[in-house]
Amino acid sequence: MASLLLLGAGGHARVVAETALSTGRFSSIAFLDDRCSGPAQLPDQLGWPVIGPFSAAHDRQICQQFQAALVAIGNATVRLQWLPRLAAAGYELPVVIHPTAWLSPSAQLGAGSVVFAQAAIQAQAMIGSGAILNTGCSVDHDAQLGDGVHICPGARLAGEVQVGDRSWIGIGASMIQQICIGADVTVGAGASVVRDLPDGVTAVGVPARVLPTA
Ligand SMILES: CC(C)(COP(=O)(O)OP(=O)(O)OC[C@H]1O[C@@H](n2cnc3c(N)ncnc32)[C@H](O)[C@@H]1OP(=O)(O)O)[C@@H](O)C(=O)NCCC(=O)NCCS
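Residues numbered from 1 in each chain as written. Predicted model: local features only at pLDDT ≥ 70, side-chain atom pairs only at ≥ 80, totals over all residues. Heavy atoms only, no water.

Novice: Tell me what's going on with the site of the ligand, and back it up with residues and numbers.
Specialist: Around the ligand lies a shell formed by Cys 152, Pro 153, Trp 168, Gly 170, Ile 171, Thr 186, Gly 188, Ala 189, Thr 202, Val 204, Gly 205 and Leu 211. Note that an oxygen atom of the ligand is positioned 2.7 Å from one of the backbone N or O atoms of Ile 171. Considering the ligand on its own, with 910 Å² of exposed area, one finds that the protein chains cover 39% of that surface. Each residue belonging to the shell around the ligand can be placed in one class, and the counts come to seven nonpolar, five polar and no charged. (Near = heavy atom within 4 Å. Polar contact = N/O pair within 3.5 Å; in protein donor to acceptor, adjacent residues only side chain to side chain. Areas by Shrake-Rupley, 256 points an atom, 1.4 Å probe, with all protein chains shown as cover. Nonpolar A, V, L, I, M, F, W, Y, C, P; charged D, E, K, R; others polar.)

Printed below as a string of C-alpha cells:
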C-alpha cells in the first residue's frame, strides 16, 4: 500500500483523505498546508500529521516517503498549477474514487481527480485532470468536463453536457442535456441551466441568469 501526501489541510482535504483511505490503496496520509511553516505547527487532521507548507512537496525525504500526491484544495487554478509540479517531482497522481460512487467502465477521469461518496459518472463521460466530483453529484453519458472542474454536492448534469476548465457548478444545480458551459464559470447553488453560458460568467436562479459584473 502507498503513502499519500495531500496538499491542503482544510475540510475538503479531510474528505479527500477519508475517501482515499476508503479505497484501501493507502496505508498512511500526511498533509501539507501553507499555514504551516514547519512540522507540528498545525494540529493533526483526523490523526494524520500536517508536516509543512506546499513547498515541502519538493523535499527529497518527503518525495521518498510518499509515493502518491493529490492537491486537496478548492481553488482550481492553484490545484492545476500544482499537479504538474507534483508529477515532475516523481509522485503518482492517483484518481481517488469512493467505493460507493459509480464510475462507468467507459468513462475516463484525468490524473489527480477525486470522486466522493455516491457520485455517479455515466457512460463515456470524459473528465479532465484535477476535477472534483463531489458527494452525490451525477454526470451523465457523454459529458465532457475540463481540467479542474468542480461539480458540487448533489449537482446534476444531463447527457452530453460540456463544462470548460476550472468551472464550478454549485451545490444542487442542474443542467439540461447538451448544455455548453465555458471555462471559469460559476453556477450558483440550486441553479437550473437551460442555455449555454460563455467563459467567465456567474449564473444563478431558475432558469439560470448571468449576474452583471461589478
Ligand atoms: C453564485 C454565488 C457564487 C454568488 O456569490 P456572490 O458573487 O457573492 O453573489 P451575491 O451573494 O453578492 O449575490 C448576487 C445576487 O445574486 C443572488 N444570488 C446569489 N446566489 C444565488 C443563488 N444560488 N440562487 C439565486 N440567486 C442567487 C443574490 O440574491 C443577489 O441578488 P440581488 O442582487 O438581487 O440581491 C453564490 O451565491 C453561490 O450560489 N455559491 C454556491 C455555493 C456552493 O455551491 N457551495 C458548495 C461548496 S462544495
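Still to come is the rest of the account.
Novice: So what's going on with the pattern of salt bridges? Residues and values would help.
Specialist: As enumerated under the stated definition, the model contains three salt bridges in all. The salt bridge partner of Glu 92 is Arg 25, with a shortest N-O separation of 3.0 Å. Placement of the pair is Glu 92 in the loop between helix 3 (76-88) and strand 4 (96-97) and Arg 25 in the loop between helix 1 (11-22) and strand 2 (26-32), with a sequence separation of 67 residues. For Arg 25, a relative accessible area of 36% puts it in the partly exposed group. Salt-bridge contacts for Arg 35 lead to Asp 33; the nearest nitrogen and oxygen are separated by 2.9 Å. Residue classification places Arg 35 among the exposed residues on the basis of a relative accessible area of 57%. (Salt bridge = Lys/Arg side-chain N within 4 Å of Asp/Glu carboxyl O. Helix = DSSP H or I, 4+ residues; strand = E, 2+ residues; numbered from the N terminus. Buried < 20%, exposed > 50% of the residue type's maximum accessible area, 1.4 Å probe, protein only.)

Novice: Go over the packing of aromatic side chains with me, naming the residues and quoting the values.
Specialist: The description of an aromatic ring pair uses the distance of the two centres, along with the angle that the planes make with each other. If you walk through the whole model with that rule in mind, you get one aromatic pair. One cation-aromatic arrangement involves Arg 85 over Trp 82; the distance from NZ or CZ to the ring centre is 4.7 Å. (Phe/Tyr/Trp six-rings, centres within 6.5 Å; stacked < 30°, edge-to-face > 60°. Lys NZ or Arg CZ within 6 Å of the ring centre and 35° of its normal.)

Novice: Describe in detail the sheet that holds strand 15 (residues 162-163), supporting the description with residues and values.
Specialist: Reading across from one edge, 6-9-12-15-18 is the order of the five strands in this open sheet, with parallel pairing throughout. What marks the edges here is a single partner per strand, and that holds for strand 6 (108-109) and strand 18 (180-181). Sheet topology note: the strand 15/strand 18 ladder contains two bridges and is parallel. Across the sheet, Gln 162 pairs through a bridge with Cys 180, a residue of strand 18. (Pairing = 2+ DSSP bridges.)

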